[in-house]
Amino acid sequence: MHLRNIITIVIGAFVLAGLYNTFSGRGIPWVPQQVEVEGAAKPRLVLSESAAAINYIELEEAKEKFNDGALFVDARETAEYRAGHVKGALHISAKEEPKAIQSALSGQQDREIVVYCDGEDCGASSMLAGKLKRLGFEKVHVFFEGWSAWHAAGLPTEEG
Amino acid sequence: MAGIIRVLKSRPALIVSRLILGGIFIYAALDKIAHPDQFAEIVNNYKLLPPMLVNLVAITLPWLEVTAGFLLVAGIWVKDSAAIVGALLLVFITAISINLVRGLDFDCGCFSTAGSSKSSALLLLIRDLIFLLPVLHLLWFQPSVSR
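Residues numbered from 1 in each chain as written. Chains lettered and ligands numbered in written order. Predicted model: local features only at pLDDT ≥ 70, side-chain atom pairs only at ≥ 80, totals over all residues. Heavy atoms only, no water.

Visitor: Explain the packing of aromatic side chains to me, and be specific about the residues and the numbers.
Guide: All names here are of chain A. Taken as a whole and assessed by the stated rule, the structure comprises six aromatic pairs over all chains. Look at F66 and W150: their rings are 5.2 Å apart centre to centre, the planes differ by 65°, and that puts the pair in the edge-to-face class. Of this pair, F66 sits in helix α3 (residues 59-67) while W150 sits in helix α7 (residues 146-152), and the two are 84 residues apart along the sequence. The exposure class assigned to W150 is buried, which follows from its relative accessible area of 0%. Arranged with centres 5.4 Å apart and planes meeting at 55°, the rings of F72 and W150 form a pair that is tilted. Here F72 is found in strand β4 (residues 71-74), whereas its partner W150 is found in helix α7, with 78 residues between them in sequence. Judged by its relative accessible area of 2%, F72 falls in the buried class. (Phe/Tyr/Trp six-rings, centres within 6.5 Å; stacked < 30°, edge-to-face > 60°. Helix = DSSP H or I, 4+ residues; strand = E, 2+ residues; numbered from the N terminus. Buried < 20%, exposed > 50% of the residue type's maximum accessible area, 1.4 Å probe, protein only.)

Visitor: Residues and numbers for helix α6 (residues 124-134) of chain A, please.
Guide: Residues and elements named next belong to chain A. The element α6 is extensively covered by neighbouring structure, given that 10 of its 11 residues are classed as buried. Those residues of α6 that sit buried are A124, S125, S126, M127, L128, A129, G130, K131, L132 and K133. At the exit of α6 stands G136, carrying a positive phi of roughly 100°.

Visitor: So what's going on with the pairing of strand β8 (residues 140-143) of chain A? Residues and values would help.
Guide: All names here are of chain A. Burial along β8 is two-sided: the residues V140 and V142 and H141 and F143 are all buried. Where strand β3 (residues 55-57) lies against β8, three bridges are found, and the strand directions are parallel. In the strand pairing of β8, Y56 is matched with V142. In this structure, strand β7 (residues 113-116) lies alongside β8, joined through three bridges in parallel fashion. Considered in β8, the bridge of V114 is made with H141. (Pairing = 2+ DSSP bridges.)

Structure (structure tokens):
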């Protein structure tokens, strides 16, 4: 084993990574963007272009979308969803395979979709929203305050 | 005991170890390379890195895996590649353990950026520990002048 060889392998891999990230068309920014979100305590970390296209909304706007008939999608774990969720919300785990997401939302391509999990630190809603964007859903919003804020505001919920 | 060591030292046993290890790492890397944006989300969800480093790791890590994996399969610089793979496994094991202890729900993304809700963190940990066996095998028994 030679340190020189190990360093060579690491440098080689970094060069390949750099070339691929620059020229493949699938690249992501080397440094993610930090974007201020109105109403959020800290800036949102935007990792890729598909993530940049996601619209983050506060409770008030989520309420409006709810009243306008937007489709709510709960990205939390199954047990959390069963214990209580936004009335009429579908449950799709952020870890779900793209094909399963597509079939769960077939025919809803043009609808306003509001994804939520629970709290600003929860990554599930952003992750699922990113997957939806890549699947071609256009009107995707993340209600970043999520379940606790909705529940605390006494807005319509259901169990099961 | 001497018999076991003779088997471990044998050329076929060393070839099997490096093909399995290399194959696993190439396979694990391909999906991450195909979907770097999703992999970046997964790295971020581990909540272990400073935000500014998340994408750098997401871009380079799969290429380190695929390069070391390719060298293992090809039989070039076997010990050096095994050392890199071993170091990566130790990093993964540490990351999974930290999140297991602090109870953070995270998406492993070890094999696929689509994630797997069925495999628990504990299973991932055990799997990575098992992957260390061929690494140790190669580091111990692979002749140093290896082509």
